[in-house]
Amino acid sequence: MEVQRDRGLMTSGSIPKRIFWFSVPLLLGNLFQQLYNAVDSAIVGRFVGKEALAAVGSSMSMINLVVSLFMGIAIGGTVCVSQYYGARDKEGLHHAIHTIAAFSLVAGVLMSILGVVLSKQLLIAMGTPDEVLEYSTLYFNIFFGGALPLVVYNMGSGLLRAVGDSKRPLYYLIVSSILNIIFDLLFVAVFHWGIAGAAIATVLAQGISAVLVVRVLITTHEDYRLIPKDIRFYGRQLKNIISVGLPSGIQNAVVSFSNVFVQSSINSFGTLAMAGCGAYMKVDGFVLLPVMSFSMAMTTFTGQNMGAGNYERVKKGIKTGACMSMGTVIIIVLFLQVAAEPILSIFSTDPEVVAIGIQMMHVLSVGYILVALSHALAGALRGAGLTKVPMVVMIGCWCVLRILWIKYVGKPMERLDVVLMGYPVTWLCSAVIMLIYIAKVDWIHYYEKHLK
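Residues numbered from 1 in each chain as written. Predicted model: local features only at pLDDT ≥ 70, side-chain atom pairs only at ≥ 80, totals over all residues. Heavy atoms only, no water.

1. Focus: the overall build of the protein
In terms of helices and strands, the protein carries 18 helices and zero strands. Overall size of the protein, expressed as C-alpha extent along the three principal axes, is 55 × 45 × 35 Å. The buried share of the protein, taken over its 452 residues, is 59%. Of the contacts formed within the protein by residues at least 6 apart in sequence, a portion of 84% connects residues at least 24 apart. Of the accessible surface of the protein, which amounts to about 18000 Å², a share of 67% is contributed by carbon and sulfur atoms. The averaged location of the 23 negative side-chain charges in the protein is 11 Å from the averaged location of its 32 positive side-chain charges. (Helix = DSSP H or I, 4+ residues; strand = E, 2+ residues; numbered from the N terminus. Buried < 20%, exposed > 50% of the residue type's maximum accessible area, 1.4 Å probe, protein only. Contact = heavy atoms within 4.5 Å. Areas by Shrake-Rupley, 256 points an atom, 1.4 Å probe, with all protein chains shown as cover. Lys, Arg positive; Asp, Glu negative; His and termini not counted. Charge placed at Lys NZ, Arg CZ, Asp CG, Glu CD.)

Okay, structure coming up:
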């Protein structure tokens, strides 16, 4: 049994191999997740119309705002679990697992209530055009009506990744993604349920993935087994989870708000701009797959090794993970530059929509390597429990600076490409600041003194 547990530990062995093989299932899982998100848009764009495609695109920025708050707090749980696991603290691990389970149940219910009650008002505040508002509100309400399985799956898969198991969340996500595509085709193309069919398909797929991940947590014989009767809030673990996770939750929510602000500015250019940018954002999701995968790998790698006291291994891992993430992104961006038009044509046959998507791709693609660097460093700091640092940097750069750019540069010039330049400009700022912090500040000493 002990040998089996060691397979999930990242505290020994080749650093590049540990990070790579942990990241591959994450990358594939994110790929499938992005795939069925893209299928939603492709099917809606082709079988319902550009207004519905614009509605899906504009809804996602607001959906991400609500989801990111709770998912950011969940990061605190996975960090605590990875540190307990690396230190082989069975009691702390057990309490953390069940505190996170209790939190996910409460968060899922709250997310449904907030999403459904506030949906139309929030979309109106974003300046969503009248011809899109009805579609967006319907999609929003159905999506958040099924928010509980979304939270449960993400919490459960996060727990498995924290103990080094990135494969089973992948398997369950593949099953869910395939079923989502089948449901999409059935509900939208065959039953003609429109945008409601796409939302229902997503909710059903999320429900299936949640059932699968909860089943493995309940039936496992490992130390991270989930025992339903033990699900409750444990004081010490809840305090640790909130102190580590709340900054990430605030960061994610505030940065997502800035994206809502950007989306509102895009909305002012009309339905075509909304549809074109909505189509490209699906492509953008694919570019960011390795970025998010390596970032999550860095969080687990750093958390386990900090818990085990392997500080030199942590430093080497940060350099390795950042280089692997940036190298992968460069390859993907080069491919997108060549294949932009045929890829965007998957989402819409309207040449004007495709042209706007290509414009957005050219503006953003050069900055993705900066995103890769920022997320790799932020993932490592979160693994060490230092979530306030990336929170301050991301809020300052990706929110405050981005909003100032839109307000004082983008809007006065009334050009879509200038509005979109707010992304690479703020990515550059965050990458430089994070790099200086990692290199110059003795953050490992701070961890030993205050967080260990």
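2. Some points on the packing of helix α10 (residues 271-287) against helix α12 (residues 311-344)
How two helices sit against one another is set out by the angle between their axes and by the gap between those axes. Between α10 and α12, the least distance of the axes is 11 Å, while the angle of their chain directions is 155°. One finds that α10 runs roughly antiparallel with respect to α12. The chirality of how α10 crosses α12 is right-handed. Along the contact surface, α10 presents A279, Y280, V283 and V287, while α12 presents V329, I332, V333, L336, I343 and L344. (Axes fitted to C-alpha atoms, helices over the stretch in contact; angles between N-to-C directions. Parallel < 35°, antiparallel > 145°, perpendicular 65-115°, else oblique. Left-handed = near helix turned anticlockwise from the far one by under 90°.)

3. Observations regarding helix α6 (residues 147-162)
In this model α6 runs 23 Å from its N-terminal to its C-terminal C-alpha over 16 residues, within 8% of the 22 Å that 1.5 Å per residue would give. By the criterion of burial, α6 is predominantly enclosed, with 14 of the 16 residues buried. Within two residues after α6, G164 carries a phi angle of roughly 90°, on the positive side. (Expected span 1.5 Å × (residues − 1).)

4. Re the side chain of D284
Following the sequence through the fold, D284 ends up in helix α10. Within polar-contact distance, the side chain of D284 engages the side chain of Y368 at 2.5 Å. What D284 contacts, discounting residues up to four positions off in sequence, is L364 and Y368. (Polar contact = N/O pair within 3.5 Å; in protein donor to acceptor, adjacent residues only side chain to side chain.)

5. Digging into the packing of aromatic side chains
Per the counting criterion, the structure on display carries 10 aromatic pairs. Seen in terms of ring centroids, Y139 and F143 are 6.5 Å apart; in terms of plane orientation they differ by 20°. Their pairing is stacked. Taken together, the residues Y139 and F143, both in helix α5 (residues 130-145) and four residues apart, mark about one turn of the helix. No difference in accessibility class separates Y139 from F143, as the two residues are buried. Pairing F187 with W193 gives two aromatic rings, centres 4.8 Å apart and planes at 20°, and the pair type is stacked. When its relative accessible area of 43% is taken as the criterion, W193 is described as partly exposed. (Phe/Tyr/Trp six-rings, centres within 6.5 Å; stacked < 30°, edge-to-face > 60°.)

6. Focus on the environment of K388
Looking at where K388 falls in the secondary structure, it is placed in helix α15 (residues 388-413). With relative accessibility at 57%, the residue K388 sits in the exposed group.

7. Some words on a nonpolar patch on the surface
A contiguous nonpolar surface patch, about 810 Å² in accessible area, is contributed by L105, V106, V109, L110, I113, L114, V117, L118, L148 and F233. When residues in the nonpolar patch are grouped by element, the largest group, eight residues, is from helix α4 (residues 90-125). Relative to the elements of secondary structure, V106 occurs in helix α4. With a relative accessible area of 41%, V106 lands in the partly exposed category. (Patch = residues over 30% accessible without salt bridge, like charges linked within 9 Å, V, L, I, M, F, W, Y side chains within 5 Å. Salt bridge = Lys/Arg side-chain N within 4 Å of Asp/Glu carboxyl O.)

8. Details of the pattern of salt bridges
What the rule picks out here adds up to four salt bridges. D165 is the partner of R168 in a salt bridge, and the nearest nitrogen-oxygen pair spans 2.6 Å. Using a relative accessible area of 25% as the deciding quantity, one classes R168 as partly exposed. With relative accessibility at 13%, the residue D165 sits in the buried group.

9. Quick notes on the environment of I113
Here I113 is to be found in helix α4. Residues I113 and N141 lie 28 residues apart in sequence; the distance between their C-alpha atoms is 9.7 Å.

10. Structural notes on unusual backbone geometry
Even without being a glycine, R88 presents a positive backbone phi close to 60°. Mapped onto the elements of the fold, R88 is located in the loop between α3 (50-87) and α4. With a phi angle near 60°, H192 is a residue other than glycine that sits in the positive phi range. Tracing the chain through its elements places H192 in the loop between α7 (167-190) and α8 (195-219). For H192, a relative accessible area of 63% translates into the label exposed.

11. Some remarks on the packing of α4 against α6
It is at 8 Å that the axes of α4 and α6 come closest, and there the two elements cross at 155°. Accordingly, the angle class assigned to the pair α4 and α6 is roughly antiparallel. In this structure, the crossing between α4 and α6 has a hand that is right-handed. Facing I97, I100, F103, S104, L105, A107, G108, V109, M111 and S112 of α4, the residues of α6 in contact are A147, L148, L150, V151, V152, M155 and L159. Looking at side-chain class alone, the contact of α4 with α6 contains 14 nonpolar, three polar and no charged residues. (Nonpolar A, V, L, I, M, F, W, Y, C, P; charged D, E, K, R; others polar.)

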